[in-house]
Amino acid sequence: MKNNTMKIAALCLGISLAGASFATYAAESHIAEAIKHAEAAAKATDGKTITEHAETAKTHASAASEHLTAGIKSLNDAVDHGKMGHAELAKKSAEEAVSHLKDAQ
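What comes next is a walk through the structure.

**Remarks on helix α3 (residues 47–83)**
Stage number 1. Its 37 residues give α3 an end-to-end C-alpha distance of 53 Å, which sits within 8% of 54 Å, the value for a rise of 1.5 Å per residue.
Stage number 2. Looking only at α3, the buried set comprises Ala57, His60, Ala63, Ala64, Gly71, Ser74 and Ala78.
Stage number 3. Along its buried surface, α3 packs onto α2 (30–43) and α4 (87–104).
Stage number 4. After α3 finishes, the residue Gly85 shows a positive phi value of roughly 80 degrees.

Written out as structure tokens, the structure is:
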């Protein structure tokens, strides 16, 4: 039973990582988008345009922050699993961290 649960968990993780990787390549990075829109807001001359760009920049910055938080959690999990000698779980947590950190860029 435990072995099947681990296989299902590994499959779900693999699917999640594949989806996250696709999302990374599908659009510009959140940081780049946040900077682009913040710069556009700073250059704009009317309140409506400034607001629109600032809100979009904030959305991307928030997404980057969420990915950083998730990446740090995954790194903590990797450390914890590594200390317990759970190499496979530590490796999967580290892979998750890489995905989240790339998504935050």
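**Observations regarding the packing of α2 against α3**
Stage number 1. It is at 8 Å that the axes of α2 and α3 come closest, and there the two elements cross at 160 degrees. Here α3 runs roughly antiparallel to α2, going by the angle between their axes. As α2 runs across α3, the sense of the crossing is left-handed. Between α2 and α3, the residues in contact are His30, Ile31, Glu33, Ala34, His37, Ala38, Ala40 and Ala41 and Ile50, His53, Ala54, Thr56, Ala57, His60, Ala61, Ala63, Ala64 and His67, respectively.
Stage number 2. Of the residues that constitute the contact of α2 with α3, the class distribution is 11 nonpolar, six polar and one charged.

**Comments concerning the packing of α3 against α4**
In a pair of packed helices, the angle between the axes and the distance between the axes together describe the arrangement.
Stage number 1. Direction vectors running N to C along α3 and α4 enclose 165 degrees, while the axes themselves pass 8 Å from each other. On the basis of the axis angle, α3 is roughly antiparallel to α4. In the crossing of α3 with α4, the sense of the turn from one axis to the other is left-handed. On α4, the residues that touch Ala64, His67, Leu68, Ala70, Gly71, Ser74, Leu75, Asp77, Ala78, His81 and Gly82 of α3 are Leu89, Ala90, Ser93, Ala94, Glu96, Ala97, His100, Leu101, Asp103 and Ala104.

Thresholds, definitions, all that
- Residues numbered from 1 in each chain as written.
- Predicted model: local features only at pLDDT ≥ 70, side-chain atom pairs only at ≥ 80, totals over all residues.
- Heavy atoms only, no water.
- Helix = DSSP H or I, 4+ residues; strand = E, 2+ residues; numbered from the N terminus.
- Expected span 1.5 Å × (residues − 1).
- Buried < 20%, exposed > 50% of the residue type's maximum accessible area, 1.4 Å probe, protein only.
- Contact = heavy atoms within 4.5 Å.
- Axes fitted to C-alpha atoms, helices over the stretch in contact; angles between N-to-C directions.
- Parallel < 35°, antiparallel > 145°, perpendicular 65-115°, else oblique.
- Left-handed = near helix turned anticlockwise from the far one by under 90°.
- Nonpolar A, V, L, I, M, F, W, Y, C, P; charged D, E, K, R; others polar.

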